[in-house]
Each structure stands twice: as C-alpha cells, then as structure tokens.
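The residues making up each chain are set out below.
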Amino acid sequence: MSKIYYTKPSIGDLERAYVNDAVANGWGEQCYAYIQRFEREFAARLGVAHAVATSSCTGALHLGLRALDIGPGDEVILADMNWIASAAPVCYVGAQAVLVDVLPDSWCLDPAAVARAITPRTKAIIAVHLYGNLAALAELRALATAHGLALIEDAAEALGSRYQGRCAGAWGDLAVFSFHGTKLMTTGEGGMLVTNSTALRTRVEQLNNHGRAAGELRQFWPAELGHKYKMSNIQAALGCAQLERLDELLARKRAIFAYYARALLPAIDGAQMNPEPPDTLNSYWMPTLMLPEDCPGARDAVLHSLAEAGVDARLVFQPLSRTPVFAATPQASNLQAAGLALRGLNLPSYHELTEAEQDRVIAAVLQGLKR
C-alpha cells in the first residue's frame, strides 16, 4: 500500500523548461532576469505596487519588521496558535511578541483580544492567515489605523485567498508569503514581501543587500548592517512557472477540500473544517479537521488510524505560549488556541491526490473515531 503524504509540490514541463533556461542562460547580465520578472508578475497578480523576492518567508518578515523600525522596547501582537516562524522575527529585532487568542471559527487572530492587548509600546499587528483561512482583516485594519500601528499580513499559507474581492496580502502595510515545498506554489524554499509603499520597498531592498544603499558610488560600502535573504535566479524561474499555473493549483486545492467536506462534515456531528464566510474565498491550502469538543482523545485515535492506513497527517499548530521559547513570557490563558490544538489535524492535500486516495483518508478518519 503506497503512502499518502500530507502534501507535495506539482512540478511539470513548464517548470523544468524555465529552470533549465535559468541554469543555461541566467548568468552575467541575465543573473537577475527571472527574479525581476517573478517580483513584477507576483505584484501584478496580487494587485500591489511592489514585491521583493527573498530566500524565505521568515527572512521577508524579518526585513519587514526592520524596515518598519521595530526593535527593543516595542511590542508586536500576533495569535498564539501559529508556527514559530511568524513570531521568531519579532524576537530577532529585539521586540516583544504578545501572543493573544484566536477566534473559534477562523482559528485566526481575535480582534477583541488584540484590542485588549494594545499598549503604548505596541507597534504592529501580525495577522496570520492560518491554513488559507482569512483573519478578520477589516476589523484589524480599523484597529491598526485607529492606534497608529502597522498591519502586517503573514499570508504564507493563504496565497489565492480573497477578502472582499481583494487578495490576501493586499490589505496590510506589508505582507509576506512562503514558497516552501509544502505551499500552494513553490520555489523549493523562498518567500516574498509585498507592499504598496515605495519607501518601505526601498528600505527592504537596502536591508536585503547587506545594507548597501541604492545609487551608492563607493564600491562595497554598506550604509548600515543589513542582511542577505535573497532568492536565486533559478528559484525565481521555478516561481515564474508556478505562478503561471496558480489558478490551476488553486482550483485543485479547492476541489480536494470540497471532497473531504462532503464526506466528513455530515458524518461527524460537531466537526469543523476551514471556513469560507461571505465575501471571502478560501484557498484551502491545508484542509483541516477540527473534531468535536465532546470527544476527548479523538484526535490521537484518528492520527493512529491514519498512520495504520499509511496516511501522513499532522497536528495543527500548538500554542506558542506553551513552548519552551515563550515559556518565560507572561501571556494570557488563550483558551481557544489551547482547545483547538487538542482537536485539530491537517489532512493530505496535493495536486495529484486521487479520489480513491481521499477515500482511504476518509475511511481512516471515521475508523479512528469509532475507536
């Protein structure tokens, strides 16, 4: 019985052709050609003014926080139910990550919890769009504007999602995306920072070039201590091809989610899956099943059943406040994040996943619940 992986990329002839071209010809005067094309086409796809390609989404967020002049003594609010990649850059710049609770339906940042956490030291809100689900962007944008805060969208998992007709990533002062091999589209590793601010774009590019200012005539002269989170031209070639196929990849993700939802939600009373409220479109990057609250231990039984069936599933993110990294940081109890972490699991989802393989996944989930 072949193993069913929870995710893997879809790579075809177009990707191979672009990468081969970059390997053969992307040197000398052409060494940035695919990078510049990728940035230009990605920004156009999102409807934003600027995009800067990076080696990772984490690097993009680090650059963005520095470009916003966030540092020691500052606070940045984000949801407790997240992977550490969303919080680590806050620590890199010496600021304090303030972890607050999530909403029970979207599993994303609770605007009321954000409002309670704002202090005179707060400088930014990071809204992570979890598993393709959209954070409450209108409310968070209003809070940020009212308090003079930067709104950062961590859209690593939400490329293709839309809120009120606008792409995820087009609402914040800046946004970051991931092209890790597990994501909707990939460059292997890689990320992107997008913004409508020319000043922010210029600052990010300087920071990402070891702190060398654009137009500096003195060779090898850094104006400040910067970084190098640059994407390679070869990676960008892969990204250009994947971006051309984005509608196809998005449609497949949505079809896979719909097949799971039709089978599982009627069969499991009280279960939840990724929501799609009015005025939104969910990319359903990672189909996620939240088991009923009144079934303690059900998640572990389901995971065991899936493993027996040769299915690779994974837990939802655990509260960051309960990890060793943030154990010494005073945080609220964040009951929603804590409860959801005991009930949720991610189901396999990749372009070539067949309905027969999805049926295997569904049967294993239901078998686990019977136990």
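This text gives an overview of the structure that appears in the document.

Cut-offs used in this document
Residues numbered from 1 in each chain as written. Predicted model: local features only at pLDDT ≥ 70, side-chain atom pairs only at ≥ 80, totals over all residues. Heavy atoms only, no water. Helix = DSSP H or I, 4+ residues; strand = E, 2+ residues; numbered from the N terminus. Rg over C-alpha atoms; globule rule 2.2 N^0.38 Å. Buried < 20%, exposed > 50% of the residue type's maximum accessible area, 1.4 Å probe, protein only. Contact = heavy atoms within 4.5 Å. Areas by Shrake-Rupley, 256 points an atom, 1.4 Å probe, with all protein chains shown as cover. 1 Å grid on protein atoms, 1.4 Å probe; cavity = no way out; pocket = protein on both sides within 12 Å on 5 of 7 lines; lining within 4 Å. Points joined across faces, edges and corners; volume = space filled by probe spheres on them. Nonpolar A, V, L, I, M, F, W, Y, C, P; charged D, E, K, R; others polar. Salt bridge = Lys/Arg side-chain N within 4 Å of Asp/Glu carboxyl O. Patch = residues over 30% accessible without salt bridge, like charges linked within 9 Å, V, L, I, M, F, W, Y side chains within 5 Å. Polar contact = N/O pair within 3.5 Å; in protein donor to acceptor, adjacent residues only side chain to side chain.

So, about the overall build of the protein. A tally of regular secondary structure across the protein gives twelve helices and 14 strands. The C-alpha atoms of the protein give 21 Å as radius of gyration, which agrees with the globular expectation for 371 residues (21 Å, within 12%). C-alpha extents for the protein along the principal axes are approximately 70 × 55 × 35 Å. In the protein, which comprises 371 residues, the share counted as buried stands at 55%. Long-range contacts, defined as pairs at least 24 residues apart, comprise 71% of the intrachain contacts of the protein with a sequence gap of at least 6. When the accessible surface of the protein is split by element, carbon and sulfur atoms take 55% of a total near 15,500 Å².

With that out of the way, let us pick up empty space enclosed by the protein. With the rule as written, the count across this model stands at two cavities of 30 Å³ or more. Its boundaries defined by the atoms lining it, the largest cavity holds a volume of some 120 Å³. Lining the largest cavity are 17 residues, and of these Lys8, Lys183, Leu184, Lys253 and His351 lie nearest its centre. Looking at the lining of the largest cavity, the element that brings in the most residues is helix α9 (residues 246–264), giving four residues. Of the residues belonging to the lining of the largest cavity, the class tally is six nonpolar, seven polar and four charged. The wall of the second largest cavity is formed by Ala156, Glu157, Ala158, Leu159, Ser178, Lys183, Leu184, Met185, Ser283 and Trp285. Broken down by class, the residue content of the lining of the second largest cavity amounts to six nonpolar, two polar and two charged.

Per the stated rule, a full pass over the model turns up 17 salt bridges. We note a salt bridge from arginine 203 to aspartate 69, for which the minimum N-O separation is 3.9 Å. Placement of the pair is arginine 203 in helix α7 (residues 198–207) and aspartate 69 in the loop between α3 (57–67) and β2 (75–79), with a sequence separation of 134 residues. Accessibility expressed as a relative area gives 23% for arginine 203, which makes it partly exposed. Among the ionic pairs, glutamate 308 bridges to arginine 371, the shortest N-O distance being 2.6 Å. Of this pair, glutamate 308 sits in helix α10 (residues 298–308) while arginine 371 sits in the segment after α12 (355–370), and the two are 63 residues apart along the sequence. Taking relative accessible area as the criterion, glutamate 308 reaches 47% and is therefore assigned partly exposed. Overall, the relative accessible area of 54% leaves arginine 371 in the exposed class. One network of salt bridges, with partners in common, ties together Arg66, Asp69, Arg203 and Glu224.

Further remarks concern the layout of surface pockets. Empty space left among the atoms is revealed by rolling a probe the size of a water molecule over them. Considering only enclosed or pocket space, the largest pocket measures out at about 660 Å³ in volume. Tyr32, Glu205, Asn208, Asn209 and Lys230 are, among the 26 residues lining the largest pocket, the residues nearest its centre. Of all the secondary structure elements, the ones that give two or more residues to the lining of the largest pocket are α2 (33–46), β1 (50–54) and α7. Here the lining of the largest pocket is built from residues that sort into ten nonpolar, nine polar and seven charged. As for the second largest pocket, its lining consists of 23 residues, and the residues nearest its centre are Trp83, Ala85, Ala156, Ser178 and Lys183.

What follows is about a nonpolar patch on the surface. A cluster of nonpolar side chains, namely Val23, Trp27 and Ile234, defines an oily patch on the protein surface of about 290 Å² accessible area. Positionally, valine 23 belongs in helix α1 (residues 13–25).

With respect to the helices and strands, glutamine 206 occurs in helix α7. Here glutamate 224 takes part through its side chain, which lies 2.9 Å from a polar atom of the side chain of glutamine 206. In this structure, glutamine 206 is in contact with Gly211, Arg212, Ala213, Ala214, Ala223 and Glu224, ignoring residues within four places of it in sequence.

Function cannot be read off these values alone, since they describe shape.
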